[in-house]
Amino acid sequence: MSLSHANVTLRSLQVFEASARCESFTAAGHELGITQSAVSRQVGDLEALLGVSLFRRNGTRITLSAAGDRLAQQLGLSFADIWRAVSLAKGAEQVVTVSMLPSLAARWFAPRLGRFIAAHPDIDLRVTASRHLVNFAAEGVDAAIRYTPHPQGVFEQTKLGREQVTPVCSPEYAAELGFDKPEDLSKAVLLHGDIPEDWNAWFKAAGLSKRPPSGPSLGDDGAILQAAIDGQGVALGRSRLVQADIEAGRLIAPFGTALEASFSYWFVRPREMPARDNVERVKDWFRSEFAEPT
């Protein structure tokens, strides 16, 4: 039975490409402005239509299958070409494309989107959320926000700021376990990530002699924080990413001890790319936003 190209919608391909790039249905939903369940449903429909599995699913984690990886690579190149064409049609000076981690895009930038639009209504800002180091020229990206001790490569680099790391959980979870002092974490489910400031480092800083208990490991900060919000355990929250959730009461930081993060946020762009006024304006906006206390 042959497959008609008309059966595959551009929207379903866009949803799949965002999911593959973000390595998360939740982060893809944040990027596209739809729910996680809508992303999962559209990807499932596309898989059924193509007759292949595009992702391997392991709980909340997803990884590309061989077929999915081939499709994602080709779509990434194709969508980059499309966005370049759109930029040229609209006027390249209006469009500024910035790459950043999915967790930063969803947890830090998204709550500030309205502030950026109010400050720069004439700039068409495009945010690509990805964990890989982008190829600026090939992917049509003007600048990136990198989370690293120091950016590698020949870039124009502007340091935006640092952050602190401290345990966070939902208020209900803290009340249920009766959190009062760091030793109470022995009763908790600890959610593990892949940042340098791990639970071993925090336990040491808090003066705890015991080793932290094992717990589920989730590689994406967005997934870890969502699990904490849903009352699944305690996460080590990066202050930039948890600020909005703490202000909204979705998370609390029950203990006073915080670690200074060894990584910083940097605004980088290739030196060989021509300077553009709108890119500079975007950089200045990010600098001012990162200067706010967390």
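Our structure's up above, just so we're on the same page.
Quantities reported herein were computed from a predicted structural model and do not represent experimental measurements.

Q: How should I be thinking about helix 1 (residues 10–22) in this particular structure?
A: In this model, helix 1 (13 residues) spans 18 Å end to end at C-alpha, consistent with the 18 Å of a helix rising 1.5 Å per residue. Along helix 1, ten of the 13 residues are buried, which leaves the element largely enclosed by surrounding structure. For helix 1, the complete set of buried residues consists of Ser12, Leu13, Val15, Phe16, Glu17, Ala18, Ser19, Ala20, Arg21 and Cys22.

Q: Any chance you could explain the pairing of strand 3 (residues 95–100) here in plain terms?
A: Consecutive residues of a regular strand have side chains that alternate between opposite faces of the sheet. Of all six residues in strand 3, six are buried; the element is thus mostly enclosed. Of the two faces of strand 3, both are covered, the one formed by Val95, Thr97 and Ser99 as well as the one formed by Val96, Val98 and Met100. Across six bridges, the pairing between strand 3 and strand 4 (residues 124–129) is parallel. In the strand pairing of strand 4, Val96 is matched with Leu125. As paired elements, strand 3 and strand 5 (residues 143–148) share two bridges and run parallel to each other. Opposite Val98, over in strand 5, you have Ala143 as the bridge partner.

Q: Sorry if this is basic, but what is going on with the layout of surface pockets here?
A: Over the atoms, a rolling probe the size of a water molecule traces out where space has been left empty. Within this model, the second largest pocket holds a volume of roughly 630 Å³. Around the second largest pocket, the lining comprises 35 residues; the ones closest to its centre are Glu23, Ser24, Thr60, Arg61 and Ala223. Looking at the lining of the second largest pocket, the elements that each hand over two or more residues are helix 1, helix 2 (25–32), helix 3 (36–50), strand 1 (55–58), strand 2 (61–64), helix 5 (102–109) and helix 10 (221–229). A breakdown of the residues in the lining of the second largest pocket according to their chemical character gives 14 nonpolar, 14 polar and seven charged.

Q: How should the pattern of salt bridges be read in this particular structure?
A: Side chains that differ in charge, positive against negative, can pair when their charged atoms come close. One pass over the full model with this rule turns up 18 salt bridges. As a salt-bridge pair, Glu47 and Arg57 come within 2.9 Å of each other at their nearest N and O atoms. In this pair, Glu47 is assigned in helix 3 and Arg57 in strand 1, connecting sequence segments ten residues apart. The class of Arg57 is partly exposed, set by a relative accessible area of 42%. Here Asp184 makes a salt bridge to Lys181, at a shortest N to O gap of 3.6 Å. When its relative accessible area of 40% is taken as the criterion, Lys181 is described as partly exposed. Each of Glu23, Arg131, Asp194 and Asp220 takes part in one network of salt bridges that share partners.

Q: It is not clear to me how the nonpolar core should be interpreted in this structure. Could you clarify?
A: Most often, soluble globular proteins have nonpolar side chains that are buried together. With 55 residues, the main nonpolar core has Ile145, Phe179, Leu185, Trp202, Val234, Val282 and Phe286 as its most contacted residues. The contacts of Phe179, once residues within four sequence positions are left out, are Cys169, Tyr173, Ala174, Asp184, Leu185, Ala188, Val234, Pro254 and Phe255. Counting residues in each nonpolar core, the second largest holds 18 residues, with Ile62, Ala72, Leu75 and Phe79 among its members.

Calculation rules
- Residues numbered from 1 in each chain as written.
- Predicted model: local features only at pLDDT ≥ 70, side-chain atom pairs only at ≥ 80, totals over all residues.
- Heavy atoms only, no water.
- Helix = DSSP H or I, 4+ residues; strand = E, 2+ residues; numbered from the N terminus.
- Expected span 1.5 Å × (residues − 1).
- Buried < 20%, exposed > 50% of the residue type's maximum accessible area, 1.4 Å probe, protein only.
- Pairing = 2+ DSSP bridges.
- 1 Å grid on protein atoms, 1.4 Å probe; cavity = no way out; pocket = protein on both sides within 12 Å on 5 of 7 lines; lining within 4 Å.
- Points joined across faces, edges and corners; volume = space filled by probe spheres on them.
- Nonpolar A, V, L, I, M, F, W, Y, C, P; charged D, E, K, R; others polar.
- Salt bridge = Lys/Arg side-chain N within 4 Å of Asp/Glu carboxyl O.
- Core = buried A, V, L, I, M, F, W, Y, C linked by side-chain atoms within 4.5 Å.
- Contact = heavy atoms within 4.5 Å.

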